[in-house]
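Structure assessment
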Amino acid sequence: MQRYILSRVFQGLIALLALSLIIFMSVHLSGDPALLLLPPEATTADYEQLRENLGLDRPILVQYGTFLLNAVQGDFGHSITTRRPARDVLLERIPATLQLAAVGMLLAVLMGVPLGILSAVKRDSLLDKGCKLFAIAGIGAPQFWVAIMLILLFGAILQWLPTYGRGGPSHFVLPAFVLAWSIMAGMMRLARSSMLEVLDSEFVKFARVKGLTERLVIWKHALRNAMIPLITFGGISLAGLLNGAIVVEVVFAWPGVGRLMLEGVAQRNFPIVEATVLTSGFFYILTSLFVDILYVYVDPRIRIE
């Protein structure tokens, strides 16, 4: 187990290194931020001075080496627009994304998994058909359209819920539901298909023959063996939520990492873009490692070599 974890950590570091090179080269090839920061009346001397102050006059490999060395120490430089440390700007946005991701994921798990299990147990019933329709709508409906429709209904027409910004518990309802719906739909479909496969297996039939109650058979024996695809999907979905859902954060004016990333791209703010993307990659790698380790504890038949 320890050897496997060390191997995965090493692979994650290599992936982060490759990601850092790709994002660094991409943002630097997208344009010159000095042109955006200078006023129209600026002279060539002003332009050259600004590039020198920002370190953009040095060779690209030197800039990357400096960036990589500083990134290892948690220093991503200063925001080009605000001149504040990019790390401080990122740390200010992370709590908002973590809170929204936690609420959205909790809602998806608490509703998606039980409904998927009940849909499998009551196959072809009215409940099963309703869950299928709800899942198809959640997978197929674009997030931006769902968000706008909810804002129109609950914000403009009924005026029940706030539609922008981060505040009290009521501010989480709409963005968390929009984030959770597609994940909830995926979990429902996966839980249903996995449970149907497990419920037809021999060990479940044997458990019923032994006289175990149906509730114990379903929620203890069958569910545990149907959890592997749910864990995989949940881990990937959680990583995406932690990275910030850009569409949801922009539509609801949520001050999270996803919105910060979009702002950085629009402003050609290299330090902000690099900080947000590398943080996103770190979350994906960390979540993937956690999911792989969790497999062993959920299903003892799995052994990590």
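Look up: the structure comes first, before these words.
Residues numbered from 1 in each chain as written. Predicted model: local features only at pLDDT ≥ 70, side-chain atom pairs only at ≥ 80, totals over all residues. Heavy atoms only, no water.

**Overview of the side chain of Gln-63**
Put simply, the rule reads: Under the DSSP-based scheme used, a helix requires at least four consecutive residues in state H or I and a strand at least two consecutive residues in state E, with every element numbered from the N terminus. Throughout, a residue-residue contact means that at least one pair of heavy atoms, one from each residue, lies within 4.5 Å.
In this structure, Gln-63 sits in helix 4 (residues 60-72). Leaving out residues up to four positions away in the same chain, Gln-63 has contacts with Phe-24, His-28, Gly-55, Leu-56 and Arg-58.

**Description of unusual backbone geometry**
How we decide: Per-residue accessibility, obtained with a 1.4 Å probe over protein chains only, is compared with the maximum for each type, and a residue is labelled buried under 20%, exposed over 50%, and partly exposed between these values.
Phi is positive for Gln-159, which is not a glycine, with a value near 55°. Along the polypeptide, Gln-159 turns up in the loop between helix 7 (143-157) and helix 8 (170-199). With a phi close to 50°, Ala-253 is a non-glycine residue in the positive phi region. With respect to the helices, strands and loops of the structure, Ala-253 is situated in the loop between helix 12 (246-251) and helix 13 (257-266). On the basis of relative accessible area, Ala-253 is assigned to the partly exposed category, the value being 25%.

**Considerations on the packing of helix 8 against helix 11 (residues 227-242)**
The condition that has to hold: Structural elements are reduced to axes, namely lines fitted to C-alpha atoms, with helices fitted over the stretch in contact, and the angle between N-to-C directions of any two is expressed from 0 to 180 degrees. Under this scheme an angle from 65 to 115 degrees is roughly perpendicular, one under 35 degrees roughly parallel, and one over 145 degrees roughly antiparallel; angles in between are oblique. Residues were grouped as follows: Ala, Val, Leu, Ile, Met, Phe, Trp, Tyr, Cys and Pro as nonpolar; Asp, Glu, Lys and Arg as charged; and all remaining residues, including Gly, as polar.
Packing of helix 8 against helix 11 brings their axes to within 9 Å, and their N-to-C directions diverge by 170°. With respect to each other, helix 8 and helix 11 are oriented roughly antiparallel. Here helix 8 contributes Leu-179, Ile-183, Gly-186, Met-187, Leu-190, Ala-191 and Ser-194 to the contact with helix 11, which in turn contributes Pro-229, Leu-230, Phe-233, Gly-234, Ser-237 and Leu-241. In the contact of helix 8 with helix 11, the residues fall into nine nonpolar, four polar and no charged.

**Some words on the environment of Leu-242**
One can find Leu-242 in helix 11. The sequence separation of Leu-242 and Val-257 amounts to 15 residues, and the corresponding C-alpha distance is 8.4 Å. Ignoring anything within four residues of it in the chain, the contact list for Leu-242 reads Thr-97, Leu-98, Ala-101 and Phe-283.

**Concerning the pattern of salt bridges**
Convention followed: Each salt bridge in this description consists of a side-chain nitrogen of Lys or Arg and a carboxyl oxygen of Asp or Glu lying within 4 Å of one another.
By the definition in use, this model includes five salt bridges. With its nearest N and O atoms 2.5 Å apart, the salt bridge here joins Arg-84 to Glu-92. When the shortest N-O distance is used, the salt bridge between Glu-263 and Arg-93 registers 3.3 Å. One end of the pair, Glu-263, is in helix 13; the other, Arg-93, is in helix 5 (residues 86-121), and 170 residues separate them in sequence. Its relative accessible area of 28% is what places Glu-263 among the partly exposed residues. A relative accessible area of 16% means that Arg-93 is categorised as buried. Connected through shared salt-bridge partners, Arg-93, Arg-259 and Glu-263 make up one network.

**Here we look at a nonpolar patch on the surface**
Let me state the cut-off plainly: The patches reported here contain residues having more than 30% relative accessible area and no salt bridge. Joining distances are 9 Å for like charges and 5 Å for nonpolar side chains (Val, Leu, Ile, Met, Phe, Trp, Tyr). Here the accessible surface of atoms and residues is derived via Shrake-Rupley with a 1.4 Å probe, and residues count as covered only by protein chains that are part of the display.
A surface patch of nonpolar side chains, about 970 Å² in accessible area, is lined by Phe-144, Trp-145, Ile-148, Met-149, Leu-152, Leu-153, Ile-157, Leu-158, Trp-160 and Val-247. If you trace the backbone, Leu-153 turns up in helix 7. Note on Leu-153: relative accessible area 37%, which makes it partly exposed.

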